[in-house]
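Architecture and fold: a report
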Amino acid sequence: MSIRQKILMCAPDFYDVEYVINPWMEGNIHRSSRLQAVEQWRGLEKIVREHADVDHAIPCQGLPDMVFTANAGLVLDREVVLSRFMHPERQGEEPHFKRWFEKAGFTVHELPKDLPFEGAGDALMDRARGLLWAGYGFRSELDSHPRVASALGVEILSLRLIDKRFYHLDTCFCPLERGFLLYYPAAFDAHSNLLIENRVDPEMRIVADETDAVNFACNAVNIGRTIILNKAGEELKKRLQAAGFTVVETPLTEFMKSGGAAKCLTLRLTEPAIHRHERARVRVESRILRMEGHLLDSGLLDRALELTVQNGGSFKILNFELGAQRQSTSKAEINVSAPSTEMLERIISQLIDLGAVPPPEDVSDAELMPVALPGVAPDDFYATTIYPTEVRLCGKWVQVAEQRMDGVIVVGEAAGEARCVLLRDLAVGGKVVVGIKGIRAVRKTESRDLRESSRGVEEFSFMGAGVSSERRVELVVDQIAWELRRIRERGGKVAVVAGPVVIHTGAGEHLARLIREGYVQALLGGNAIAVHDIEQSLLGTSLGVDLKRGVAVRGGHQHHLQVINIIRRYGSIAAAVEQKVLASGVFFECVKQGVPFSLAGSIRDDGPLPDTEMDLIRAQKDYARLIRGAEMVLMLSSMLHSIGVGNMTPAGVRLVCVDINPAVVTKLADRGSLESVGVVTDVGLFLSLLVQRLEKLQAGGSAA
Ligand code: ARG
């Protein structure tokens, strides 16, 4: 190195762990020894001095983290972008460092207030590549990156940190001289890792393992061929040596109690100018979206922001109009940003599903692409949800027909119509909606009142809570009984999806009764429910267990095969009923009452029964046909078939999901739509209670 480096440090006169703003500080309040800290800091300073000149910032009482000068700002040439600390605990450092830089003759750039950016702790020059790597996720906001890029006229690559132990980029990432990179990949999300791998050749990447990472090996000071760090494993040291570096270890354990080590305690002041770009080059892209509704009480806004961050984006609320009354809605205008177009689009498409729309001036027609191969959508297709959706075609919003989940939107020849189509049903030339433009989902505004009555998942999930939750199950059964009565009275449609547990728990008779009394208009299930129902009718057992006595019957495990064999002999369940072979049970009632049923096969099916559809595409179609027009779907202890049905059912249909397993209930009922309710209970108890309640209603006369 021709010119001697200059490095800023700040003596630990007032250093201590006084608050907790990162996981390293937890449990360490006032646990560090000042004496030892001073000794360790001097040790570091001495080594640094062998390779560079050291400037000092004056420590301040009450600002214990001022020792970490890496966070003073980001220096490039004679300019500096000052830090804006995320946590109030460190914001007091800002004016001190500002004064220091001004006095030292730097041109000082300041970011807007409330836009956190923590200096060289989160932004590292890559001199070999002439660019700046910048971290976000914990301390610095993604939206600070474009500002920094334009202040300094540099190219920035944004990296998202995902492990809170590595909250600053410099705790896990260290560009070295001659293009080498020392880093800990697990601290970054997949997109960031790809970006790193695209930019840095494999032989230049020196990967630290977890042990090295938690020893702050990546928090290294690199001056020329020397690397100064707290501690590194033998393996890593060998790798660094092989790359031509000399590793100098110096203990910094007292500072690790605060979440920092060698690199954090230094700030390089001599950053030679790198290639400047006319216009800042940065990949961060952003878009403005609006949301309206019961944003706070429905949790919609919360979900939108959470989802943005989880997907690697960042947000800023530009405007928020709070609906003050219980019935009034709120409006929000949000700026969403992400480090790449693809990431931004992924986030936006999910926000659209939550009902977000672009401001009117940004609204445009949906983008269409023709299908080139049968059954294959163009890349970038928009995947549908259960929510009513509209697409904008020739300046007009058109409602999408046959709304269901996991389809694509195909626009008709007339351009005035659009519908959901499954991938496999796409025909060549069909015009598919791609991208995120001109699509909006209509989310019913879920007011607090509506939610109270149907916030099924949380309300009914906790049977462990004792008597009150059983009472809750009773209440929800009352409600369902009442609705079933009303649907029957107006000639509406109820579909039941049921698993074999209904039969095993002895509730077959209750379900049979619901069918007999006209409460069920379609029954969906698999091979098993029919087999065990018929086994129960013909042989008195269910999977070989005598339900009356609750004991396994000798040779009973073969019963289901015998039953399958009998029905196969007659050719169908209906034929067996006709021949008076089958004279009771759920499927007997279906045949008798003319209630259509559909049995979808699966790989584990014995037999199957002649009625079981083993062609799954045909089975799905049949399910879809039977569900169409249903006002309520009762899902009784069948995860597989219920999920299938859930995907085909648009929002607005009342879903009642009953299962003893809370995870199943949550999975099915938590569709984010207010019409679904989950009941965690034994399906046998549920059905018996339901039948009782209906009986009571019957005795009491009309339900309406
Ligand atoms: N306690 C300090 C904080 O949490 C440690 C800062 C470490 N500095 C760094 N550049 N990583 O802010």
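Residues numbered from 1 in each chain as written. Predicted model: local features only at pLDDT ≥ 70, side-chain atom pairs only at ≥ 80, totals over all residues. Heavy atoms only, no water.

1. Focus: the sheet that holds strand 17 (residues 285-293)
Test applied: A strand pair is defined by DSSP finding two or more bridges across the two strands. Starting at the N terminus, helices and strands are each numbered in turn, a helix being any DSSP run of H or I of at least four residues and a strand any DSSP run of E of at least two. Axis lines are fitted to C-alpha atoms, over the contacting stretch for helices. Their N-to-C directions set the angle, which ranges from 0 to 180 degrees. For this analysis, residues touch if any pair of their heavy atoms sits within 4.5 Å.
The strand order across the open sheet formed by 3 strands is 17-19-18, and the pairing between neighbours is antiparallel. This sheet does not close on itself; its edge strands, each paired only once, are strand 17 and strand 18 (314-321). The sheet shows a mean angle of 20° between the axes of neighbouring strands, direction not considered. Strand direction decides the pairing type here: strand 17 and strand 19 (residues 330-338), joined by 9 bridges, are antiparallel. Across the sheet, residue Gly293 finds its bridge partner in strand 19, namely Ser330. Running at roughly 160° to strand 18, helix 9 (residues 300-310) makes contact with strand 17, strand 18 and strand 19 of the sheet.

2. A look at a nonpolar patch on the surface
Note the following rule: Note that patches include only residues with greater than 30% relative accessible area and no salt bridge, and the join distances are 9 Å for like charges and 5 Å for nonpolar side chains (Val, Leu, Ile, Met, Phe, Trp, Tyr). Values of accessible area rely on a 1.4 Å probe in the Shrake-Rupley scheme; residue burial ignores everything except the protein chains shown. Here a salt bridge means any side-chain nitrogen of Lys or Arg lying within 4 Å of a carboxyl oxygen belonging to Asp or Glu.
A cluster of nonpolar side chains, contributed by Leu296, Ile317, Phe320 and Leu322, occupies part of the molecular surface with about 350 Å² of accessible area. Within the element layout of this structure, Leu322 appears in the loop between strand 18 and strand 19.

3. What about the confidence of the model for the protein chain?
To keep things clear, this is the line we draw: Confidence of the predictor at the level of single residues is captured by pLDDT, which takes values from 0 to 100.
Residues at a pLDDT of 70 or more form 94% of the protein chain, whose mean pLDDT is 92. Contacts of residues 447-468 to residues separated by more than four positions or lying in other chains number 35 contacts, the stretch itself having pLDDT below 50.

4. Focus on the site of the ligand
How we decide: For each residue, the test is whether any non-hydrogen atom lies within 4 Å of the molecule or strand; if one does, the residue is near. Under this definition, polar contacts are N or O atom pairs within 3.5 Å; protein pairs additionally need one hydrogen-donor-capable and one acceptor-capable atom, and for neighbouring residues in sequence, both atoms have to be side-chain atoms.
For the ligand, the set of nearby residues contains 17 residues, the closest of which are Asn22, Arg90, Arg139, His168 and Asp170. Between an oxygen atom of the ligand and a side-chain N or O atom of Asn22, the distance comes to 2.7 Å. Within the side chain of Arg90, a nitrogen or oxygen atom sits 2.7 Å from an oxygen atom of the ligand. Burial of the ligand by the protein amounts to 100% of the accessible area it has alone, namely 350 Å².

5. A few points about the domain arrangement of the protein chain
Stated precisely, the cut-off is as follows: Each domain's limits were defined by an automated method or a database of domain assignments. Summed over both partners, buried area is the accessible surface (1.4 Å probe) that two parts give up on being assembled.
The assigned domain composition of the protein chain is domain 1 (5-281), domain 2 (284-359), domain 3 (363-445) and domain 4 (454-527 + 583-604 + 612-699). A C-alpha centroid distance of 32 Å is found between domain 1 and domain 2. With both sides pooled, the region where domain 1 packs onto domain 2 buries about 800 Å², and carbon together with sulfur makes up 54% of that total. Joining domain 1 to domain 2, the criterion identifies 0 salt bridges. The tally of links between domain 1 and domain 2 comes to 5 residue pairs in polar contact (both at pLDDT 80 or more). Among the elements of the structure, helix 4 (144-152) and strand 8 (155-160) are those that each provide at least two residues to the side of domain 1 that touches domain 2.

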